[in-house]
Amino acid sequence: MIDNSIDWDDVLKQVFLNYSVSGKSNQNVLTAIKFKKLLTDAQILDRNLTGKDADIMFCSETRHQTHMTFETFTNMLPRLAQLKYGDKFQENPKQTMINLLETKLLPLCKQALTPTFHTESLQFNEVIRIIVQSVYVPLKNIYTHYFPWEVQGSEKFEVKANKSQRALGIMLKDFDICPSLVNKTVISKLWSDVVINCTDFPPAQVLLPSPIHELGSCLTLSKYLFIIYNSALLGYDNDSQLKNSLPAEKLLILLERMELSQEKKTSYTSRPRTARDSLLPPRDVIEKVINVSTPEISEEDEIPQREVKKVSTDVEKHFESLQRIFQTYCSYGEPMNTTKLKSSKLIKMLKDCGVLDTVESSSGTSAITKVEIDIIFSKLTGTHANPSKTSKSAFAPKSYLSLNSNQVGRMDFSQFLKSLEVLAEKLYPGLNLDEAYMNLIENCILQLDNESSPQRCLNSQYVNTLMEMLKDEDMIEALGIIHKMFTPYFIFYADTHGFMNFTSFLRFCKDFQIFPDIISKAKLLRFFNALAGIYAQTEGPEKEESVMSEHQRAPEQTEKNVIDQHLFVEALALIAAEINYIRSTPTPVHRICYLIERLNQSTGPIIILNSKSNSQPAVQRVDIITPLRERYPSIFAPQVFIEKPSFAKLMS
């Protein structure tokens with residue numbers, strides 16, 4: 001039975017506001033990312049209701065808009081309950097809706113009403129104040145750089161709040177704090193508790209040298225320092241090695257993390273960067289906190305630059321798997337990146353495979369922490385690894401951790417292999433280097449090859465499975481029909497030799513509303529590279545000069561990976577297989593027919609007809625759907641849909 005004492009409109013409003021962002025006319029709206037985050041935190045997503053289903057639901061409910069209003073959010077809930085509970089919703093829609101509200105969304109509302117900041121963050125001892133005061137100047141410079149309107153602007157509070165919230169997210173991302181250390185939900189809640197709900201926040205002013213140093217009116221300087229301090233406490237509370245550390249130690253580690261951040265901005269002032277801009281507290285401050293002397297790392301202590309040697313046969317046989325794992329973790333948060341690994345992603349990789357924070361055991365495995373990994377990463381990618389790029393200025397900040405303002409901080413595959421070698425030495429001190437190296441790779445790293453999502457790899461087993469689908473006789477017949485219909489469109493986007501590169505393929509997908517409506521750019525790239533690899537392995541069919549010679553095209557496409565018109569049609573089949581259908585699981589032929597019907601109704605044919613470029617061939621309107629309708633009349637038969645119940649009717 002429903003609890004009449006609960007105002008569900010207020011509950012949903014609170015949940016919505018907790019995940020929403022400010023849109024046009026200061027109206028709170030949900031973005032697709034925030035919507036998926038809400039469903040994840042509510043534990044609604046599972047194997048039956050995936051993130052891809054959530055994306056499709058968001059697009060259909062918002063009619064492909066970039067945001068969702070509160071009204072749309074509430075009207076979407078019955079559909080969400082239907083997808084989540086299936087037949088139970090058909091039997092008793094109202095009770096199923098109540099179950100969703102009470103078990104999934106009500107706990108989120110209670111979390112939203114709980115203050116986020118750490119219980120120890122309101123108790124500032126003298127050590128915390130000493131640490132903050134020692135780096136007050138660079139922290140203040142960062143504040144004035146990211147939030148200039150707080151110091152000089154005269155806008156209304158709402159305008160400043162919107163600008164400062166966006167700038168805070170950028171600053172925390174630049175300094176590798178959010179989302180790698182603290183997730184966006186926690187930061188958003190901190191913002192609400194400290195900035196929006198508290199006009200004045202006296203506890204934070206203790207962090208200032210004196211109250212007269214306060215700056216800003218919305219995100220004040222003291223609140224900004226308070227959020228950084230809370231990020232240290234909340235972030236390292238989830239670290240098994242650091243959760244029991246003192247708050248002062250957590251703050252020191254966060255400042256070190258900010259100093260090491262590869263995305264760190266250095267132009268806080270108009271003058272060259274000096275030692276005053278370093279976020280590392282002086283030695284005497286560090287000694288007060290940890291009560292030990294902090295040794296400087298000499299040149300002898302640095303990681304030696306190993307000569308590039310021939311890889312042993314044992315390691316070489318794992319190259320493909322290691323590269324696949326490397327590409328997988330490179331692409332987290334950056335789907336188009338498969339070549340450069342960030343420090344936070346290396347830490348995630350080592351944590352997933354059990355290397356990070358391992359306890360000392362009888363096997364001789366030694367413990368290793370995030371701080372040690374950060375130092376190894378910095379040495380392999382920073383100024384020690386690139387001495388030719390190091391600034392020779394005498395005013396550069398002196399630190400036992402090297403910095404580099406050039407293109408450092410991202411690790412390529414060869415550096416990744418070197419980092420595994422260094423880690424193997426530390427983890428297995430009782431073994432020789434080769435044995436330790438192989439032990440780390442085979443017992444730890446290669447475990448990730450079975451656990452990682454195959455969809456993230458460039459030439460994944462997932463794509464190979466889809467290619468098997470194309471061997472079906474009915475599918476081959478359907479693709480033969482589509483090939484004839486789409487040849488003029490392929491010629492329009494291809495070069496004079498009858499090849500299409502990824503740039504042209506992506507333009508086709510944009511014109512025909514495939515991207516970003518139904519598939520991501522990253523997945524398009526994986527499909528394209530897999531098909532281009534097939535073409536490269538077969539050395540390509542003969543160029544169809546008779547088809548292309550009548551259209552003189554310029555400029556020529558020069559990208560290395562290309563596909564021909566046969567592989568182009570197969571790419572459409574792969575895209576069709578990615579579309580999710582709620583009511584039933586259609587056959588591959590059904591899927592490709594639905595996709596072609598969608599393409600026929602898109603803006604693509606109109607764009608091609610209206611094109612007046614001299615470099616593009618003239619294309620007449622092509623009927624791409626009638627041959628499929630004639631061949632598969634049952635697929636295109638009209639269907640009767642039942643009107644979905646609204647949230648208001650269910651709860652009445």
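Residues numbered from 1 in each chain as written. Predicted model: local features only at pLDDT ≥ 70, side-chain atom pairs only at ≥ 80, totals over all residues. Heavy atoms only, no water.

1. Structural notes on the overall build of the protein chain
Working step 1: Helix and strand content of the protein chain: 31 helices and six strands.
Working step 2: Relative to its full complement of 652 residues, the protein chain shows a buried share of 48%.
Working step 3: Long-range contacts, defined as pairs at least 24 residues apart, comprise 70% of the intrachain contacts of the protein chain with a sequence gap of at least 6.
Working step 4: Just so you have it, the protein chain exposes about 33,100 Å², and 51% of that area is on carbon and sulfur atoms. (Helix = DSSP H or I, 4+ residues; strand = E, 2+ residues; numbered from the N terminus. Buried < 20%, exposed > 50% of the residue type's maximum accessible area, 1.4 Å probe, protein only. Contact = heavy atoms within 4.5 Å. Areas by Shrake-Rupley, 256 points an atom, 1.4 Å probe, with all protein chains shown as cover.)

2. Topic: the pattern of salt bridges
Working step 1: One pass over the structure, following the stated rule, counts 12 salt bridges.
Working step 2: A salt bridge links Asp-46 to Lys-84, with the shortest nitrogen-to-oxygen separation between them at 2.7 Å. Taken together, the residues span a long stretch of sequence, with Asp-46 in the loop between helix H2 (32-41) and helix H3 (51-61) and Lys-84 in helix H4 (residues 70-85) at a distance of 38 residues.
Working step 3: Residue class for Asp-46 comes out partly exposed when judged on its relative accessible area of 31%.
Working step 4: Taking the shortest distance from any N to any O, the salt bridge between Lys-348 and Asp-352 comes out at 3.5 Å. Taken together, the positions of Lys-348 and Asp-352, both in helix H17 (residues 343-352) and four residues apart, correspond to about one turn of that helix.
Working step 5: Taking the relative accessible area as the measure of exposure, Lys-348 reaches 36% and is therefore partly exposed. (Salt bridge = Lys/Arg side-chain N within 4 Å of Asp/Glu carboxyl O.)

3. Observations regarding the environment of Tyr-489
Working step 1: Within the secondary structure, Tyr-489 sits in helix H23 (residues 473-493).
Working step 2: Take Tyr-489: its relative accessible area is 1%, and that puts it in the buried class.
Working step 3: Sequence spacing of Tyr-489 and Gln-565 is 76 residues, and the spatial spacing of their C-alpha atoms is 9.8 Å.

4. A look at helix H13 (residues 247-260)
Working step 1: The terminal C-alpha atoms of H13, which comprises 14 residues, lie 20 Å apart, in line with the 20 Å expected from a rise of 1.5 Å per residue.
Working step 2: For H13, a buried count of 13 out of 14 residues is recorded, marking the element as mostly surrounded by other parts of the structure. (Expected span 1.5 Å × (residues − 1).)

5. Observations regarding the environment of Asp-511
Working step 1: Looking at where Asp-511 falls in the secondary structure, it is placed in helix H24 (residues 502-511).
Working step 2: Sequence spacing of Asp-511 and Leu-599 is 88 residues, and the spatial spacing of their C-alpha atoms is 9.4 Å.
Working step 3: When residues no more than four places from it in sequence are discounted, the contact partners of Asp-511 are Tyr-493, Ser-602, Thr-603, Gly-604 and Ile-607.
Working step 4: Reaching out from Asp-511, the side chain makes a polar contact with the side chain of Tyr-493 at a distance of 2.7 Å. (Polar contact = N/O pair within 3.5 Å; in protein donor to acceptor, adjacent residues only side chain to side chain.)

6. Structural notes on the state of the cysteines
Working step 1: For the structure shown, the criterion picks out zero disulfides.
Working step 2: Unpaired in terms of disulfides, Cys-353 finds its nearest cysteine sulfur in Cys-444, a separation of 5.4 Å. (Disulfide = S-S within 2.5 Å.)

7. A look at helix H12 (residues 221-236)
Working step 1: Over its 16 residues, H12 runs 23 Å from end to end, which matches the ideal 22 Å to within 8%, given 1.5 Å per residue.
Working step 2: Counting buried positions over the 16 residues of H12 gives 16, a clear majority of the element.

8. Topic: the environment of Leu-49
Working step 1: Within the secondary structure, Leu-49 is located in the loop between H2 and H3.
Working step 2: Taking the C-alpha atoms as reference points, Leu-49 and Leu-83, separated by 34 residues in sequence, lie 6.7 Å from one another.

9. So, the packing of aromatic side chains
Working step 1: One pass over the full model with this rule turns up 24 aromatic pairs.
Working step 2: With a centroid separation of 5.5 Å and an interplanar angle of 70 degrees, the aromatic rings of Phe-326 and Phe-413 are classed as edge-to-face. In this pair, Phe-326 is assigned in helix H16 (residues 319-330) and Phe-413 in helix H19 (residues 413-427), connecting sequence segments 87 residues apart.
Working step 3: A residue is classified by how much of its surface remains accessible, and Phe-326, at 2% relative accessible area, is buried. (Phe/Tyr/Trp six-rings, centres within 6.5 Å; stacked < 30°, edge-to-face > 60°.)

10. Observations regarding the nonpolar core
Side chains that are nonpolar tend, in soluble globular proteins, to be buried together.
Working step 1: Core analysis: the largest hydrophobic core is formed by 58 residues, its most contacted members being Phe-486, Phe-505, Phe-568, Leu-572 and Ile-592.
Working step 2: Where this core is concerned, the elements lending two or more residues are H23, H24, helix H25 (521-537), strand E6 (562-563), helix H27 (565-578) and helix H28 (588-600).
Working step 3: By size, the runner-up hydrophobic cluster in this structure holds 55 residues, among which are Ile-131, Leu-190, Phe-201 and Ile-227. (Core = buried A, V, L, I, M, F, W, Y, C linked by side-chain atoms within 4.5 Å.)

11. Focus on the confidence of the model for the protein chain
Working step 1: Mean pLDDT over the protein chain: 76, with 73% of residues reaching 70 or higher.
Working step 2: Scored below 50 in pLDDT, residues 358-364 makes 10 contacts in the model with residues more than four places away or belonging to other chains.
Working step 3: Here residues 540-558 is modelled with pLDDT under 50, and outside its nearest four sequence neighbours on either side it reaches 44 contacts, counting other chains as well. (pLDDT = per-residue confidence, 0-100.)

12. Structural notes on the packing of H2 against H3
Working step 1: Interhelical geometry of H2 versus H3 gives an angle of 130 degrees and a closest axis separation of 10 Å. Accordingly, the angle class assigned to the pair H2 and H3 is oblique. Where H2 crosses over H3, the two elements pack in a sense that is right-handed. Two secondary-structure elements touch here, H2 through Ala-32, Phe-35, Lys-36 and Leu-39 and H3 through Gly-51, Ala-54, Asp-55, Met-57 and Phe-58.
Working step 2: Per-class residue counts for the contact of H2 with H3 are six nonpolar, one polar and two charged. (Axes fitted to C-alpha atoms, helices over the stretch in contact; angles between N-to-C directions. Parallel < 35°, antiparallel > 145°, perpendicular 65-115°, else oblique. Left-handed = near helix turned anticlockwise from the far one by under 90°. Nonpolar A, V, L, I, M, F, W, Y, C, P; charged D, E, K, R; others polar.)

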